[in-house]
4 protein chains.
Amino acid sequence: MPQLPLAHPFDDDKLREECGVYGVIGVADAANFVALGLHALQHRGQEAGGIVSHDPVTGFQSVRRFGYVRDNFTKASLMETLPGQLAIGHVRYSTAGSKGQTAIRDVQPFFGEFSMGGAALAHNGNITNALALRRELIEHGSIFQSSSDSECIIHLMARSFQKTIPERMKDALRRVEGAFSVVAMTRTKLIGVRDPLGVRPLVLGRVGEGWVLSSETCALDIIGAEFVRDVDPGEMVVISADGGVESFRPFRPASPRFCIFEHVYFSRPDSILGGRSVYETRRQIGVELAREAPVEADLVCPVPDSGTPAAIGFSHESGIPYGMGIIRNQYMGRTFIEPTEQIRNMGVRLKLNVNRALIAGKRVILVDDSVVRGTTSRKIKEMILDAGAREVHFRIASPPTAWPCFYGVDTPEREKLLASRMNEDEMRAHLGVDSLKFISLEGLYRAVGASEGRNAACPQYCDACFSGEYPVAPSDMIDKGFRTKAAE
Amino acid sequence: MPQLPLAHPFDDDKLREECGVYGVIGVADAANFVALGLHALQHRGQEAGGIVSHDPVTGFQSVRRFGYVRDNFTKASLMETLPGQLAIGHVRYSTAGSKGQTAIRDVQPFFGEFSMGGAALAHNGNITNALALRRELIEHGSIFQSSSDSECIIHLMARSFQKTIPERMKDALRRVEGAFSVVAMTRTKLIGVRDPLGVRPLVLGRVGEGWVLSSETCALDIIGAEFVRDVDPGEMVVISADGGVESFRPFRPASPRFCIFEHVYFSRPDSILGGRSVYETRRQIGVELAREAPVEADLVCPVPDSGTPAAIGFSHESGIPYGMGIIRNQYMGRTFIEPTEQIRNMGVRLKLNVNRALIAGKRVILVDDSVVRGTTSRKIKEMILDAGAREVHFRIASPPTAWPCFYGVDTPEREKLLASRMNEDEMRAHLGVDSLKFISLEGLYRAVGASEGRNAACPQYCDACFSGEYPVAPSDMIDKGFRTKAAE
Amino acid sequence: MPQLPLAHPFDDDKLREECGVYGVIGVADAANFVALGLHALQHRGQEAGGIVSHDPVTGFQSVRRFGYVRDNFTKASLMETLPGQLAIGHVRYSTAGSKGQTAIRDVQPFFGEFSMGGAALAHNGNITNALALRRELIEHGSIFQSSSDSECIIHLMARSFQKTIPERMKDALRRVEGAFSVVAMTRTKLIGVRDPLGVRPLVLGRVGEGWVLSSETCALDIIGAEFVRDVDPGEMVVISADGGVESFRPFRPASPRFCIFEHVYFSRPDSILGGRSVYETRRQIGVELAREAPVEADLVCPVPDSGTPAAIGFSHESGIPYGMGIIRNQYMGRTFIEPTEQIRNMGVRLKLNVNRALIAGKRVILVDDSVVRGTTSRKIKEMILDAGAREVHFRIASPPTAWPCFYGVDTPEREKLLASRMNEDEMRAHLGVDSLKFISLEGLYRAVGASEGRNAACPQYCDACFSGEYPVAPSDMIDKGFRTKAAE
Amino acid sequence: MPQLPLAHPFDDDKLREECGVYGVIGVADAANFVALGLHALQHRGQEAGGIVSHDPVTGFQSVRRFGYVRDNFTKASLMETLPGQLAIGHVRYSTAGSKGQTAIRDVQPFFGEFSMGGAALAHNGNITNALALRRELIEHGSIFQSSSDSECIIHLMARSFQKTIPERMKDALRRVEGAFSVVAMTRTKLIGVRDPLGVRPLVLGRVGEGWVLSSETCALDIIGAEFVRDVDPGEMVVISADGGVESFRPFRPASPRFCIFEHVYFSRPDSILGGRSVYETRRQIGVELAREAPVEADLVCPVPDSGTPAAIGFSHESGIPYGMGIIRNQYMGRTFIEPTEQIRNMGVRLKLNVNRALIAGKRVILVDDSVVRGTTSRKIKEMILDAGAREVHFRIASPPTAWPCFYGVDTPEREKLLASRMNEDEMRAHLGVDSLKFISLEGLYRAVGASEGRNAACPQYCDACFSGEYPVAPSDMIDKGFRTKAAE
């Protein structure tokens, strides 16, 4: 596996979305559209990608590869092996486990051949009872190809007594707990499902005479597709080649709990989530932050690139000039051989550089999207001070991240999260900055447009990473000894 | 050669710097420092890179590769083949000719073995009498390894009667016309030279007990080196392993003519050129532009990423809010198979997307660094209008680019330059925008700090791409029929 | 997949063994022994290879690759990923289907995780009721990973109610029809099984304190292992890490029917099969052939390399001198671009050349191991005549190959076999040679030591490819319309 | 560079030819013919290969690659980059130096651009005054691209005052000492030259309307070319596209001294050298050996593959049966990870195996082509005895190799040659065999057809490796301290 230069400069110290899903039906060369869509969703998963297509002549065809979409799914000789008017695809991050263990067989979409024909399936999210399901399936003779939680769905489908694949899929998904936005295909149908809480996004679009399912709207734009609507929480859509979209509600109704961190960090700023512009939400977070935690300073600097919209908002609200105090190396690079003469903060230097001429002598407000382990924040602070800044003030566009996510985001164990061990003031001292302020949970809800504020009884979003209130009990983790806030 | 995803989103429609050079002496594992330095200079050349090192035991060692520094010069097994306390390196763009013809033998540094020992050499710039020199050298029995103009220098050195390599280098460079910043090495010396006009940058830094030569200061920062001073136009520095820096002036004195486009586009914003912050210069260009060409609007948007500092400056000066109306796909991608259903502006969509929610209904000022062919500007305008902008105003952070560069920048032939065929108003009509304004040449000189303005008799910078006033006659090109402005 | 230069010069016109299997228990670095063993079995399958190892710390580890063993399983960095004292491996040929369809997931060993732990399995042979089994398993919810017949065994094991893996394996193999020599492993046991007829070979050896299972004895020699005995037809051996070998007889007893073609062509000449030297058997075939079909001539030439031992025997018996009239290009090569000026018999020329000086003016006896399609025999005849031979006499070291094999050998469809359409005399005329003689089936039985001759009622070997008498009904093929001789 | 499995089983303990050359003019797609020819010459050099072609439209094109011809020059996409009716090629072994130092720039053909146009050149042999020439050329300003002795020729040509390339080549080659068979090309001519002694072979052939130059005749056969004649020692042929062959004699006349080891080992047995069949010569060596050194035994075995023809001859003359006592693994393999449990003679086992059933209890005569270091002979002897042979008698098809070759063969330093330190009896004891006999130098001359025996005053062949009588003084080596026999 070639070394993958990740594109977020501080990936080691960020939460990471685990997947993006995409599907197209009813247009020629559907796989080429899927390749483009996955390219636009690359920020949701950079480790590997896969596409399955179906054509009446060649049947199902599949290509799965480590690495970027642009490096794999751009060669004509490869794309010609994926013919047909129906295709789905997936991009994935490595799971929390050691990267070395990821095998190509863990790369989605997964495929299963049933007596009524084949089906392929791509999953964004995380199944919180996957271990229990897996144990049960193995006891009954299923053989797993991968270590992925998502493979359970295919095996549950294989064992269903239903006569059609969509019905088998309903059967299977009713047994599954956790978060899932699934895009699947049979020989003739494109299927999309969101879990009852709608934790992960999924949207429906139209391209020419065909239909598109995508994790985000930015991947509709890239192919010139028109946004139609969100797939609803708890909804299954079954789309035929001739253009009909059937809608089903296979699950018990529930109050939606969309992941609020999609707004803060995961999704692309040019996407629209649940009717709200991500960019505008982030800018608004900056505005709220400037109101909640003002400070006298000379310069508002984003930590690139994810802190940029909030920094712009902070500058707009505070009137303090916005400037690029940190310049990102657009070529990135994960590893170089460290020369004998030790270079301080070498890892960070590969990715960014301080704009000394701008920083020197200034009181600087640094706006970042989140603090996870805090390791990168410390290094950035050092570089800023080395460059001659007079003061450094951190403003964070999310509340303290104190709880791990079990719904499809790769988070460190709880004790690795800085905010699980320290309060805001301890963190400030730990980072060694002049001030440190996180936006409040209420402020964040205001920024996402919940004018009435957070509904504590039944929050409008999943904010478990901040609040420790898990909308679905993470049963596998509880079996392993994890204690939720409620249990503490 | 793997497909290289270039990092400037509109690389096809930009001028391209052809090289970056770097050298280190006096520290262990010098090649590892060079690898880091070249990584920081990657924006100056992405097609290929090379490093030569010297160690008393293994002698000269060389590695030259197509592709990014991070993909080639990061493996321990490779870097171990480049031992020693002395190393130089080079990153290069393809020359104007067809890319297919570039061979690994054209990748620098070049190496020559002379009777007094070997020397390696890396060159940023362009030799304007290379064809004449090459013809003469071949007639006298020299055998060229490459199609590169830079190889002439090595052959001229081989034929010099001087007894030391630095003296042979002086001999050779006195015969060479054009622009050159050269970093070279013998078994014991690191050498840096700038042509008499100092067209291309070259700086001297200190790292521990050792010394560094670099095209830009940003590549000093990455290894924690301290900036010492610019190598002067017309200066040769010869640096010994024991730390002494000797300075020579081998050329007839001349008025410096540093490339003004380094400030506009080529150099990284976090570099300091001739004592001036590139970022601040670009921001100031935006300020000047807002003064010269104000317009009523709702939003100032940069064309990412190179237009960003000028857009910030324009916003500061005009008071019009700054916003990210165009979102760049940070994973880029040069080629995908175009699906049958034609996607409008597919090439541009791979690289960026319009932030519809921000743009819709607004009067938008787009700030870009330059207009070369104009092809990309048209596509961006279309996407902005499709997204519902009410008005589109282009503001360009450089004067019209009407003349090709012969000093180390890859420019299209003159007739391909939009500004060579049209005046500002014709260009506005051609692009189909509500207004189009370039900064004036005088305004640009003000922004780079020439408070007295441009000295028409003897301009302080090389601005031939705007003015057609070539400080060194491009003799090879004139032989081929090119007519300078003076000749018209 | 890189182009694989096959090593038999006329591979296109030969029957091809589909697999070799190997396993080692009770010695450190068992996977390294397996790599060596597979290298020695490379002639049994060149398309791909795989190794699974088990170590208490790391659990099961697996590597599967296209290409030669020597190109894949020789790197320390790779072999270190296969730790432990227990490992099995497999080399495979492509199956009869189009090569393009082979995927890495079809490469063995296969692995399954059961409730009592994992097991890996490698199979030489062919399951003649695989399609029926697969259909049944899918109907009950099994999901197949590959298109391989061998995967049925793993799924049958997964669905068994037995409590141990060896017992589940017995359950599974009792449902399987056809030919199988299986090497399998659990976390602590190495298992070997041969089908009741013992169609494919499998031997047991001892290396130091450990044990080895191998398709052939030549792969014991390479690691310095001592030959212990053949695994018997219908026997299962279960070997523990502490050295015990348990023997079971899970199947109903049957008269053995070892594949006689292993002696003629598949096995290496330095192997011992069922107590007989393959080399000596082949030499003896030559002796019998010289007795059955003598001819006056000047020279006995083998068609290299597989005809060599029989040619030596023919020369010994006939007294006609042995000589190398055909020289094999030891570097082989499958494909070159054919130059515009058409080269006659280009494919054959890449692999061999006639030794003109030896052939010219002579009456030549060519000894080959078999005639399949006959295409290569024609080309060789032409080259021999072009070189000036006076007469060409073909002597074939096997009876006419008139029936396809369904027990693990890749044969063309019946109508492609020359001997299915023509008698000996028609073949002679078709090939255009002065004489053509195949050894008789009786002569072949004499050569393999059946002094009493072939027992027509119950032949001592499987000779279905010559006789059309299939010892196990090929039920999947019969479902598809194949008609055995008995059915005709 | 991928690991290259060499094809001679004991390559580590053999002398190695350093090159093969090939050229074609006057047929379409000449490079495809050259690829085939180089494939047939692969035994003369396996490390790397190169082809240069010329076409009036595209000019000179060149491809040079490490590895086998079949792996590099078989792809249509590559071969299409080598258009034209004129092409030359080269295969090379690594030189005596460490393999790691070989760079792609050392791979021939070499190319030089002169004022009258370009020329490419491929050289088989070795220039014995290359160091002196190189020193002189560097002093006058030539820059060497490679560490190859052959590059001198191109530089000498570049400095000649002659007006045409053939005349410049004459000038250059008159300054060169040693052995050379050169194939060269200009834009319109194919040129072949042999040194005055004709140490290395070179033949002329005809294909269709075009002409071929080749190191050996076996490479004419592969393309269906007709053998015309040997290029004479001291002859230069200049062949035009329109079919004319001009012959020149640029050197002072000398008595030919063709390399006798080409007959013993280097050339392919199906080649004709100086009118003699290599196979027949080798068989005749076996006959002479049986006469000179008879022994009572049960079996004559070749050490495969190079000992085979002599073993056949020995068997014919002695009446002792010929058999394959050693079986070569046709897949070879240079390196495997040695398992912890040490395997005796692992290196040899990767390449061959003893045919125990044939060897056990027998008195065995092993026929090998030569003994260099003797390391392999010892290991083979051990394996033969382990297999139960009663006696082992070595018969060697060449006289003791006691002197290094300086004419294009890679030999160990003199002290590494077993025969330089021991007489025949000491070698027998060292190898631990029952008898050891080399053919006499006189016997060898008889076998190559010198019925009158070796002319001691002026030997008909170069036999320096046996006799220490160097026909051309190895001046560079003498400068380095080497003492010839005459000097001792």
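Parameters and conventions
- Residues numbered from 1 in each chain as written.
- Chains lettered and ligands numbered in written order.
- Predicted model: local features only at pLDDT ≥ 70, side-chain atom pairs only at ≥ 80, totals over all residues.
- Heavy atoms only, no water.
- Contact = heavy atoms within 4.5 Å.
- Buried area = accessible area lost by both parts, 1.4 Å probe.
- Salt bridge = Lys/Arg side-chain N within 4 Å of Asp/Glu carboxyl O.
- Polar contact = N/O pair within 3.5 Å; in protein donor to acceptor, adjacent residues only side chain to side chain.
- Helix = DSSP H or I, 4+ residues; strand = E, 2+ residues; numbered from the N terminus.
- Nonpolar A, V, L, I, M, F, W, Y, C, P; charged D, E, K, R; others polar.
- Least-squares fit on C-alpha atoms with pLDDT ≥ 70 in both.
- Domains from an automatic or database assignment.
- Buried < 20%, exposed > 50% of the residue type's maximum accessible area, 1.4 Å probe, protein only.
- UniProt positions renumbered as here; feature names shortened; annotations may be inferred.

Q: What is the right way to look at the interface of chain B and chain D in this model?
A: At the interface, 18 residues of chain B touch 18 residues of chain D. Together, E113, I138 and I143 of chain B form the three largest contributors to the area buried by chain B at its contact with chain D, with a combined 40%. Counting every contact that joins chain B to chain D gives two salt bridges. Across the pair R134 of chain B and E113 of chain D runs a salt bridge, and its minimum N-O distance is 3.9 Å. Seen at the junction of chain B and chain D, the total is zero residue pairs in polar contact (both at pLDDT 80 or more).

Q: Is there a simple way to explain the environment of R276 of chain D in this structure?
A: Residue and element names in this part refer to chain D. Looking at the secondary structure, you find R276 in strand β17 (residues 276–277). Taking the C-alpha atoms as reference, R276 lies 8.4 Å from G449; in sequence the two are 173 residues apart. Residues in contact with R276, not counting those within four places in the same chain, are H263, S271, T281, A447, V448 and G449.

Q: What am I meant to see in the interface of chain D and chain C here?
A: It is common to give the size of an interface as the accessible area that goes away when the parts come together. Contacts between the two partners involve 70 residues from chain D, matched on the other side by 69 residues from chain C. For the pair chain D and chain C, the summed buried surface comes to about 5600 Å²; carbon and sulfur atoms form 61% of the total. Taken together, chain D and chain C are joined by two salt bridges. Residue D221 of chain D pairs with R356 of chain C through a salt bridge whose shortest N-O separation is 3.8 Å. At the junction of chain D with chain C, the criterion picks out 20 residue pairs in polar contact (both at pLDDT 80 or more). The dominant element in the side of chain D that touches chain C, judged by the number of residues it contributes, is helix α1 (residues 30–40) of chain D, at six residues. Classifying every residue of the side of chain D that touches chain C by side-chain character gives 37 nonpolar, 21 polar and 12 charged.

Q: Is there a simple way to think about the relation of the copies chain B and chain D in this case?
A: Rotating chain B by 179° about the axis while translating it 0.2 Å along that axis superimposes it on chain D, leaving an RMSD of 0.1 Å. Those values place the two copies in the arrangement expected of a two-fold rotation axis. In terms of C-alpha distance to the rotation axis, chain B has S142 of chain B as its closest residue, with the C-alpha 2.9 Å off the axis. The fraction of interface residues of chain B whose copies in chain D are also interface residues reaches 100%, indicating that both copies meet through the same surface.

Q: Got a minute to help me understand the domain arrangement of chain A in this structure?
A: All names here are of chain A. Under the domain assignment, chain A is made up of domain 1 (16–259) and domain 2 (276–487). Taking the mean C-alpha position of each, domain 1 and domain 2 sit 31 Å from one another. At the junction of the two partners, domain 1 supplies 25 residues and domain 2 supplies 19 residues. Inspection of the domain 1/domain 2 interface yields zero salt bridges. Our count for the contact surface shared by domain 1 and domain 2 stands at 12 residue pairs in polar contact (both at pLDDT 80 or more). Put simply, the parts of the chain that give the side of domain 1 that touches domain 2 at least two residues each are β1 (16–17), β7 (117–127), α4 (130–139), β8 (178–185) and β15 (258–259). Here the side of domain 1 that touches domain 2 is built from residues that sort into 11 nonpolar, eight polar and six charged.

Q: Looking at this model, I keep getting lost on the pattern of salt bridges. Mind explaining?
A: Close approach of charged atoms allows side chains with opposite charge to pair. All names here are of chain A. Across all of its chains, the model carries 108 salt bridges over all chains by this definition. Residues D232 and R249 are paired through a salt bridge, measuring 2.8 Å at the closest nitrogen-oxygen approach. A residue pair is termed long-range when its members are at least 10 positions apart, and D232 in the loop between β12 (226–230) and β13 (236–240) and R249 in the loop between β14 (245–248) and β15 qualify at 17 residues. By relative accessible area, D232 is classed as partly exposed at 30%. Look at the salt bridges and you will find they share partners, linking E288, R291, E292, E317 and R446 into a network.

Q: Honestly, helix α15 (residues 424–431) of chain A in this entry has me stumped. Any pointers?
A: Helical periodicity: at 3.6 residues per turn, an α-helix aligns residues three or four positions apart in one direction. N-capping of α15 of chain A is provided by N423 of chain A, with a side-chain oxygen placed 3.0 Å from the backbone N of D425 of chain A. Looking at the residues trailing α15 of chain A, positive phi occurs at G432 of chain A, about 75°.

Q: Mind showing me how you'd approach the UniProt feature "binding site: Mg(2+)" (unreviewed entry) in chain A here?
A: All names here are of chain A. What UniProt calls "binding site: Mg(2+)" (unreviewed entry) maps, in this numbering, to S306, D368 and D369. Separation in sequence by 64 residues is not matched in space for these annotated residues, since their most distant C-alpha atoms are only 7.1 Å apart. With a relative accessible area of 17%, S306 lands in the buried category. Looking at where D369 falls in the secondary structure, it is placed in the loop between β21 (363–368) and α13 (375–386). On the accessibility criterion, D369 (1% relative accessible area) is buried. Contact partners of D369, with chain neighbours within four places excluded, come to K14, V264, Y265, S306, G307, I396, A397 and S398. Only 2.7 Å separates the side chain of D369 from the side chain of S306, close enough to count as a polar contact.

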